[in-house]
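Residue strings, one per chain:
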Amino acid sequence: MTITQSVIVPAYKEKLNIKPLTQRLFAALGNDASNCTELVFVDDNSQDGSVEEVEALQRQGYNVKITVRTTERGLSSAVLRGFHDAQGQYVICMDADLQHPPESVPMLFDALKKHAFVVGTRYAPGVGIDKDWPLHRRVISATARMMARPLTECSDPMSGFFGLQKQYLDKADPAVINSEGFKIALELLAKLAPPRGPCEEIGRGALLLRCQN
């Protein structure tokens, strides 16, 4: 079956999380969606057994692969590498440490069928993911979000749990996208050219999405 959905996971020394993330993701997708979804780890040469872990999962029938980078480093460039190499037309980025629930990925893919860009937000009524953060971290986060407001109305542009329709990345000039740093979602929101419309909030359980039309 043709791959239409890709999940990209930047990773460095995340061997212990590869198996549970893979199992939980494909269990959440179900049989039909699993057949058209690939999971891609972009690893910055961890040399911790991550490659062998992925190979073991492949033998079990999971559609998972790993790209090992030996000359590049960094979160943003890893995400961009995964997005550009992805087979799917709908691409999602998530962390390898399981802070982003794999069970929420199907909701992001559903939203991407109707929206150009979706972000799993921590700052919407009833979410409160940062309520246990120390004060200094909440202040830093709030300041960063305020500084980003001229670029996007998204409530959590610093989120590492987001997705987009790949067509907009394919149309963009790679030279205008900054592959350095950690805030790749904000970079893509600001530099790509998806249709501009009001953001829509979609909620389910403890996750809310901010969707750029």
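As a starting point, this report considers the structure included with it. Values in this document were obtained by computation on a predicted structure and should not be read as measured data.

Counting its regular elements, the chain contains seven helices and eight strands. Residue burial in the chain is summarised as follows: out of 213 residues, 50% are buried. A sequence separation of at least 24 residues applies to 73% of the contacts in the chain between residues at least 6 apart. Accessible surface, the chain as shown: approximately 10,400 Å² in total, 51% of it carbon and sulfur.

So, about the pattern of salt bridges. Per the stated rule, a full pass over the model turns up seven salt bridges. For R81, the salt bridge is made with E72, and the minimal N-O distance between the two is 3.9 Å. Classification of R81 as partly exposed rests on a relative accessible area of 31%. Here D85 ties to R81 by a salt bridge, and the two come within 2.7 Å at their closest N and O atoms. With D85 and R81 both in helix α3 (residues 75-85) and four residues apart, the pair spans about one turn of that helix. One salt-bridge network, held together by shared partners, links D44, R69, E72, R81 and D85.

This brings us to the environment of T37. Locating T37 in the fold gives a position in strand β2 (residues 37-43). Overall, T37 belongs to the buried group, its relative accessible area being 0%. A C-alpha to C-alpha distance of 5.6 Å links T37 and S6, two positions 31 residues apart in sequence. In this structure, T37 is in contact with I3, Q5, V7, F26, L29, N63 and F109, ignoring residues within four places of it in sequence. Polar side-chain contacts of T37 include one of 2.8 Å to the side chain of Q5.

Let us look at the packing of helix α1 (residues 15-34) against helix α2 (residues 50-59). Interaxial distance between α1 and α2 falls to 8 Å at its minimum, and their mutual angle equals 20 degrees. As summarised for this structure, α1 and α2 are arranged roughly parallel, according to the angle between their axes. Judged by the sense of rotation from one axis to the other, the crossing of α1 with α2 is right-handed. Contacts between α1 and α2 involve K15, I18, K19 and T22 on the former and, on the latter, S50, E53, V54 and L57.

This model, assessed by the stated rule, comprises three aromatic pairs. Look at F26 and Y62: their rings are 5.7 Å apart centre to centre, the planes differ by 45 degrees, and that puts the pair in the tilted class. Linking F26 in helix α1 with Y62 in the loop between α2 and β3 (64-68), this pair joins segments that are 36 residues apart in sequence. Seen from their ring centres, F117 and F162 are 5.7 Å apart, and the 5 degrees between their planes marks the pair as stacked. Of this pair, F117 sits in strand β5 (residues 117-121) while F162 sits in strand β6 (residues 162-165), placing them 45 residues apart in sequence. Owing to a relative accessible area of 2%, F117 belongs among the buried residues under this scheme. The rings of F83, F117 and F162 are connected pair by pair, giving a single aromatic cluster. Above the plane of the ring of Y90 lies K113, whose end atom (NZ or CZ) is 4.6 Å from the centre.

Okay, the pairing of strand β4 (residues 90-93) next. Every second residue of β4 is oriented toward a common face, with Y90 and I92 on one face and V91 and C93 on the other, all of them buried. For strand β1 (residues 5-11) and β4, the ladder comprises four bridges, and the chain directions are parallel. When the sheet's bridge partners are listed, Q5 is paired in β4 with Y90. Where β4 lies against β6, four bridges are found, and the strand directions are antiparallel. Counterpart to Y90 in the pairing with β6 is Q165.

A few words now on the environment of K114. Along the chain, the position of K114 falls in the loop between α4 (105-112) and β5. Look at K114 and you get exposed, because its relative accessible area is 65%.

Conventions used here
- Residues numbered from 1 in each chain as written.
- Predicted model: local features only at pLDDT ≥ 70, side-chain atom pairs only at ≥ 80, totals over all residues.
- Heavy atoms only, no water.
- Helix = DSSP H or I, 4+ residues; strand = E, 2+ residues; numbered from the N terminus.
- Buried < 20%, exposed > 50% of the residue type's maximum accessible area, 1.4 Å probe, protein only.
- Contact = heavy atoms within 4.5 Å.
- Areas by Shrake-Rupley, 256 points an atom, 1.4 Å probe, with all protein chains shown as cover.
- Salt bridge = Lys/Arg side-chain N within 4 Å of Asp/Glu carboxyl O.
- Polar contact = N/O pair within 3.5 Å; in protein donor to acceptor, adjacent residues only side chain to side chain.
- Axes fitted to C-alpha atoms, helices over the stretch in contact; angles between N-to-C directions.
- Parallel < 35°, antiparallel > 145°, perpendicular 65-115°, else oblique.
- Left-handed = near helix turned anticlockwise from the far one by under 90°.
- Phe/Tyr/Trp six-rings, centres within 6.5 Å; stacked < 30°, edge-to-face > 60°.
- Lys NZ or Arg CZ within 6 Å of the ring centre and 35° of its normal.
- Pairing = 2+ DSSP bridges.

Without other data, these values stay purely geometric and don't point to any function.
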